[in-house]
Amino acid sequence: MEIPAQYKGREQAYIKHTLLETYLFKLFMIIGQSQPTISYVDCLAGPWQDASDDLSDTSIGRSLSTMRSCLESLRKKNPSVRFRALFVEKDAKKYRRLKEYLDTLETPIETESFHGEFDKVRHKILDWCGSSFTFFFIDPLGWKNIVEVSTLEPFLHRNNSEFLINFMFEFILRAHQIPEHEEDMIKIFGQVPQTDGMIPEQKESCLVNLYRENLKRILPIKGRKPRSATVPIQRPDKDRTIYHLVYLTRHPLGIVKFMEASEPLDFVQKAVRIQAKHDKKIETTGQGELFGAFENIKVDQGSVPISMVKEYWLKQLTSQPQLFGIDKLADMLEETGWFESNFQDAFHELLLEGKVRNLADEGKSKRSKKFVHFNANHNSGEQLAKVVT
Ligand SMILES: C[S@@+](CC[C@H](N)C(=O)[O-])C[C@H]1O[C@@H](n2cnc3c(N)ncnc32)[C@H](O)[C@@H]1O
């Protein structure tokens, strides 16, 4: 696997676009089987930093091609399903390019564009969405009048919506203790975050989790409890987070599919970092290492110690069998930020050690990867228990 040439020097954008595309495909293929209309809104569209005429390296191009593939794949299951896409951009020059692109594009997707500042056109966006299922992609360059919970509130009240928000962590980390940004911090977090005495990793989880909690406070009139997950995107040349892609949904299966889409990217991000360090070494010493990034990554995989995941499992289980379905899996993914494969591997080890039971798979198991079928019995799952000796 190679990072496409047009993403050279902006590998973060490749990770972001791949996550967007992978998750949108999974989501639309599920939602598109039952909903008559699917809407997608790119609230800060660009085109931005693209290196291709067909915008294939932008969120505009990649979202439209994903919707097109979904529409084609859904033809048999739901032939009347409609896909609509709205792109919002404030910069006049960029907007002209966007409009020209959309006007000349041959696509079965119903496209629309608005020229203006996101916060000023919020109600126009909401009108355009109507009552259809809508996915909002919010990808700013900063935070002002965009990612604050107060700015997003009219959208968060909406039913039938999902969000992917670029939380500009690096900027916010720098600003969160500066007195002149206090008011903004309250709009983002609901309070001024207190991070004195924390190590960098603690500060990062404190800030991003506070934001996630604050987003979840705004509820639509009906619908299930809000849930969120996040994917940290690292600077390729440094082991440092540049931003978090914060995902918000009211559907437990959404969390499961989002984490499924982000798992392979964890691998790609590590490879990108190894490659960047490798390139830097060549630049400074004129000498590279023998192996490429994707060979080296195998050694570096599995960042969550399995012992920790096993311990977590044992805390979830009781001697009395309980159903572990999609709801429970979503709780576990949301709480820990780990992947389903971490839970499957740990449960397998516990089974081999005779510490747990899966009542749906007793005796000689033929299972090799998924030791718990969380989606069995229409997503109610399987009965699991701790073995008490
Ligand atoms: C990070 S770029 C978007 C990149 C794009 N999502 C992608 O991945 O290809 C942000 C874009 O939003 C535009 N923008 C910034 N502030 C805005 C605002 N308040 N309302 C609408 N657009 C805005 C910028 O001109 C820029 O084109």
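Numbers given to residues run from 1 along each chain, matching the order in which its sequence is written. Owing to the predicted nature of the model, reporting of local features is limited to residues with pLDDT of at least 70; listing and counting of side-chain atom pairs is limited to 80 or more, with chain, interface and lining totals taken over all residues. Water and hydrogen atoms play no part in the side-chain values, which are based on all heavy atoms of the structure.

A. Broad picture of the sheet that holds strand S7 (residues 241-249). Strands sit in the order S3-S2-S1-S4-S5-S7-S6 across an open sheet of 7 strands; the sheet is mixed. The two strands at the open ends of the sheet, each matched to only one other strand, are strand S3 (110-115) and strand S6 (227-234). Taken pair by pair, the neighbouring strands of this sheet meet at an average axis angle of 15°, ignoring direction. Pairing between strands is defined by DSSP: at least two bridges between the two strands are required. Every helix listed is a DSSP run of H or I at least four residues long, and every strand listed is a run of E at least two residues long, numbered separately from the N terminus. Here strand S5 (residues 161-167) pairs with S7 via 5 bridges, running antiparallel. Residue pairing for S7: Phe163 is matched across the bridge by Leu248. In what follows, residue pairs with any heavy atoms lying within 4.5 Å of each other are defined as contacts. Angles here are taken between N-to-C directions and fall from 0 to 180 degrees, while the axes themselves are lines fitted to C-alpha atoms, restricted in helices to the stretch in contact. Packing of helix H3 (residues 92-104) onto the sheet brings it into contact with strand S2 (82-89) and S3, and relative to S3 it is tilted by some 165°.

B. Region of the structure containing the site of the ligand. Any residue with a heavy atom lying within 4 Å of a molecule or strand is counted as near it. His17, Ser59, Glu89, Phe118 and Asp139 are the nearest of the 19 residues found near the ligand. Residues adjacent in sequence count toward polar contacts only when both atoms are side-chain atoms; beyond that, a polar contact is any pair of N or O atoms within 3.5 Å, and within protein one must be able to donate a hydrogen and the other to accept it. For the ligand, a nitrogen atom lies 2.9 Å from a polar atom in the side chain of Ser59. At a separation of 3.2 Å, a nitrogen atom of the ligand approaches a polar backbone atom of Lys90. Computed with the Shrake-Rupley method and a 1.4 Å probe, the accessible areas treat only the protein chains shown as cover for residues. Expressed as a share of its isolated accessible area of 600 Å², the protein-covered part of the ligand is 94%. Classes in brief: Ala, Val, Leu, Ile, Met, Phe, Trp, Tyr, Cys and Pro nonpolar; Asp, Glu, Lys and Arg charged; the others, Gly included, polar. Taken together, the residues of the shell around the ligand sort by class into 7 nonpolar, 5 polar and 7 charged.

C. Looking closely at the nonpolar core. Counting residues in hydrophobic clusters, the biggest one holds 74 residues, and the most contacted among them are Phe28, Tyr40, Phe83, Phe135 and Trp313. When residues in this core are grouped by element, the largest group, 11 residues, is from helix H1 (residues 11-31). Source of the domain bounds: an automatic or database domain assignment. Two domains each donate at least three residues to this core, and these are domain 1 (5-276) and domain 2 (306-386). Here Phe28 is in contact with Ile38, Tyr40, Met67, Cys70, Leu74, Phe83, Phe133 and Phe135, once residues within four sequence places are set aside. We call a set of buried Ala, Val, Leu, Ile, Met, Phe, Trp, Tyr and Cys residues a nonpolar core when their side-chain atoms join them within 4.5 Å. Three exposure classes are used, based on accessible area relative to the maximum for each residue type with a 1.4 Å probe and protein chains only: buried under 20%, partly exposed in between, and exposed over 50%. Of all hydrophobic cores here, the second largest spans 38 residues; its members include Val41, Val88, Cys129 and Leu152.

D. Summary view of the pairing of strand S10 (residues 382-386). In the sheet, strand S8 (residues 322-324) pairs with S10 via 3 bridges, with the strands oriented antiparallel. Across the sheet, residue Phe324 finds its bridge partner in S10, namely Glu382. Sheet topology note: the strand S9 (residues 356-358)/S10 ladder contains 3 bridges and is antiparallel. Its bridge partner lying in S10, Val356 is registered against Lys386.

From the geometry alone we can't say anything about function, so treat these as descriptive.
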